[in-house]
There are 2 protein chains.
Amino acid sequence: MPTARDRARAELTAEIADLARAQLATVGAPGLSLRAVARELGMASSAVYRYFPSRDELLTRLIIDAYDAIGAAAESADDPTAPPAARWLAVCRAVRRWAQDHPHEYALLYGSPVPGYSAPRDTVPSAVRVGAVLGRVLGDAARAGLLPETAHRTTGLVEPAAVDLLGGDDPALDDAVRGRALLAWSSLFGVVSFELFGQFTGAVTDADRFFDDAMTDLAGLVGLHPAG
Amino acid sequence: MPTARDRARAELTAEIADLARAQLATVGAPGLSLRAVARELGMASSAVYRYFPSRDELLTRLIIDAYDAIGAAAESADDPTAPPAARWLAVCRAVRRWAQDHPHEYALLYGSPVPGYSAPRDTVPSAVRVGAVLGRVLGDAARAGLLPETAHRTTGLVEPAAVDLLGGDDPALDDAVRGRALLAWSSLFGVVSFELFGQFTGAVTDADRFFDDAMTDLAGLVGLHPAG
DNA sequence: GCATCACCGAGAGCACTGCTCTCGCCGACG
DNA sequence: CGTCGGCGAGAGCAGTGCTCTCGGTGATGC
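As the structure is a computational prediction, the values presented were derived from the model and not from experiment.

### A closer look at the relation of the copies chain B and chain A
Stage number 1. You can overlay chain B on chain A at an RMSD of 0.0 Å; the transform is a turn of 180 degrees with a shift of 0.0 Å along its axis. Overall, the copies show the geometry of a two-fold rotation axis.
Stage number 2. Counting the interface residues of chain B, we find that 100% of their copies in chain A are interface residues as well, pointing to one common contact surface.

This is the structure in structure tokens:
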């Protein structure tokens, strides 16, 4: 059973992470200072190292939390009873909205990787959640017979381990449409990143409309059409 | 006329930038240290400030140079005599190749923006070059009559100032295809970023084939088909 | 119940960073 | 030939991540 010390430790760990997240939201990842969160917590900087052995470990924690947050946003935006094309657009919108609400955390996930820092294994399950939602939409559509049947199946492009994440198995799904799903998935984040990082400034008049149009085009690319 | 002092100054400025670029390639942007380049140059750190008033100014210089480098790579990969779909794929491949050869510089351009640092106006002309090449391919195809005519023209989505960069004016070009061109443009970088930043690990068996397939799909989205 | 042991917070300290200021030197220009 | 502006060097400030050592204290074994 957890002793009082254990509970205190868990509490303080969470408190540090929360304060770090707050600081992240204001100064961004490069400006995140372990000493600053220690100061704000009223403790010596060295004491923080009892809870996070290094700044990178703290960042890893924040990364996992952020992946889970955007994943949860995508999941809760998905209404499995809605038509597939509408589900697709709703999930994309939720991702964009979360990114706009948490730009620094988004940059931490989908911006430049921290040099000399390779994402630990622990991040993978959380990182995959958004893609899994999109894959589920695709798979449900296939199983409902709403996807065009493929003439000749292409295989060998997608890793077998990734197949179940991309809609699972179905006659309407081959590696060609799975590949297009991967393209659509990365395109979603390409568009969101470009918008968030200012690459679109001065290019488009109505960002909302552009985004909806783009996501609808991507849905069509994988065989999801508003009508069917 | 330029005095000896002026020439020396220009030379030293370039030397600092070159050394900084070399350091960028090994330790990445966050690890770029002004003191380190000064050390490697055998001069006091304070002397470097005669040439770049701040670390951010140095970074800006590197950003502009990198935009120009990837822009030049895209331009020299474009053979205006080739069929549009082939031109499109060639340009995309060149962008990907440059990114793979200069991952840290790529991350500097298309990764997380440096917080508290907004890209100065000077970067815009260089930043726009890759997009301009793709826009030119699209415009040439339109003027050659290789694009499907649009039934009813949609307008008001793309900023007028950006129209000439997206192929110029032509009956075959309206804001719907221009919007899809913007989508394809950002998708190119979405795919390259995901591949470079490790988001695709364990998803695809043949990255080259996947990329070619994806870029061909994007070309088709804007109306560029291998046959035509 | 007491001794022990592990954890925990604090402080000092190291090596490093960006940046500023002041000091002499020296080349260019009037 | 004198003056003035740029230029390099050095010291210094405030801040960083991280380490180590030092007491205190809560949890555990006998």
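Past the structure itself, the notes keep going.
### Observations concerning the domain arrangement of chain A
Residue and element names in this part refer to chain A.
Stage number 1. If you check the domain split of chain A, you get domain 1 (1-53) and domain 2 (60-221).
Stage number 2. Its C-alpha centre places domain 1 at a distance of 32 Å from the equivalent point of domain 2.
Stage number 3. Listed as interface residues are 12 residues of domain 1 and, on the opposing side, six residues of domain 2.
Stage number 4. Summing both sides of the interface, domain 1 and domain 2 together bury roughly 720 Å²; the carbon and sulfur share of this comes to 71%.
Stage number 5. It is Ala17, Arg21 and Leu24 in domain 1 that bury the most area against domain 2; as a group they hold 55% of the surface buried on that side.
Stage number 6. Where domain 1 touches domain 2, the interface holds one salt bridge.
Stage number 7. The salt bridge involving arginine 21 is made with aspartate 65; its shortest N-O contact spans 3.2 Å.
Stage number 8. Where domain 1 meets domain 2, there are two residue pairs in polar contact (both at pLDDT 80 or more).

### Let's talk about the protein's contact with DNA strand D
Stage number 1. Residues in close proximity to DNA strand D total 25 residues, the closest being Leu34(A), Arg35(A), Arg9(B), Ala44(B) and Arg50(B).
Stage number 2. Here, DNA strand D places atoms within 4 Å of the protein, and 51% of those atoms are sugar or phosphate.
Stage number 3. At a separation of 2.7 Å, a phosphate oxygen of DNA strand D approaches a polar backbone atom of Leu34(A).
Stage number 4. Ser46(B) is positioned with one of its side-chain polar atoms (N or O) 2.8 Å from a base oxygen of DNA strand D.
Stage number 5. Here the surface near DNA strand D is built from residues that sort into nine nonpolar, seven polar and nine charged.

### Quick look at the protein's contact with DNA strand C
Stage number 1. Taken together, 25 residues surround DNA strand C, and among them Ala44(A), Ser46(A), Arg50(A), Leu34(B) and Arg35(B) come closest.
Stage number 2. Sugar plus phosphate, as a fraction of atoms of DNA strand C within 4 Å of the protein: 51%.
Stage number 3. A distance of 2.7 Å is found between a phosphate oxygen of DNA strand C and a backbone nitrogen or oxygen belonging to Ala44(A).
Stage number 4. Contacts to DNA strand C include Ser33(B), whose side-chain N or O atom sits 2.9 Å from a phosphate oxygen.
Stage number 5. Grouping the constituent residues of the surface near DNA strand C by class yields nine nonpolar, seven polar and nine charged.

### Quick word on the side chain of Ser193(A)
Stage number 1. Among the secondary structure elements, Ser193(A) is positioned in helix α10 (residues 175-196).
Stage number 2. Once residues within four sequence positions are removed from consideration, Ser193(A) is found in contact with Tyr106(A) and Tyr110(A).

### What about the interface of chain B and chain A?
Stage number 1. Every contact between the two is made by 44 residues of chain B and, on the other side, 44 residues of chain A.
Stage number 2. At the junction of chain B and chain A, the tally comes to 12 residue pairs in polar contact (both at pLDDT 80 or more).
Stage number 3. Looking at the side of chain B that touches chain A, the elements that each hand over two or more residues are α6 (103-110), α10 (175-196) and α11 (207-221) of chain B.
Stage number 4. The element best represented in the side of chain B that touches chain A is α10(B), accounting for 11 residues.
Stage number 5. Per-class residue counts for the side of chain B that touches chain A are 25 nonpolar, 13 polar and six charged.

Here is what the cut-offs are and how they apply
- Residues numbered from 1 in each chain as written.
- Chains lettered and ligands numbered in written order.
- Predicted model: local features only at pLDDT ≥ 70, side-chain atom pairs only at ≥ 80, totals over all residues.
- Heavy atoms only, no water.
- Least-squares fit on C-alpha atoms with pLDDT ≥ 70 in both.
- Contact = heavy atoms within 4.5 Å.
- Domains from an automatic or database assignment.
- Buried area = accessible area lost by both parts, 1.4 Å probe.
- Salt bridge = Lys/Arg side-chain N within 4 Å of Asp/Glu carboxyl O.
- Polar contact = N/O pair within 3.5 Å; in protein donor to acceptor, adjacent residues only side chain to side chain.
- Near = heavy atom within 4 Å.
- Nonpolar A, V, L, I, M, F, W, Y, C, P; charged D, E, K, R; others polar.
- Helix = DSSP H or I, 4+ residues; strand = E, 2+ residues; numbered from the N terminus.

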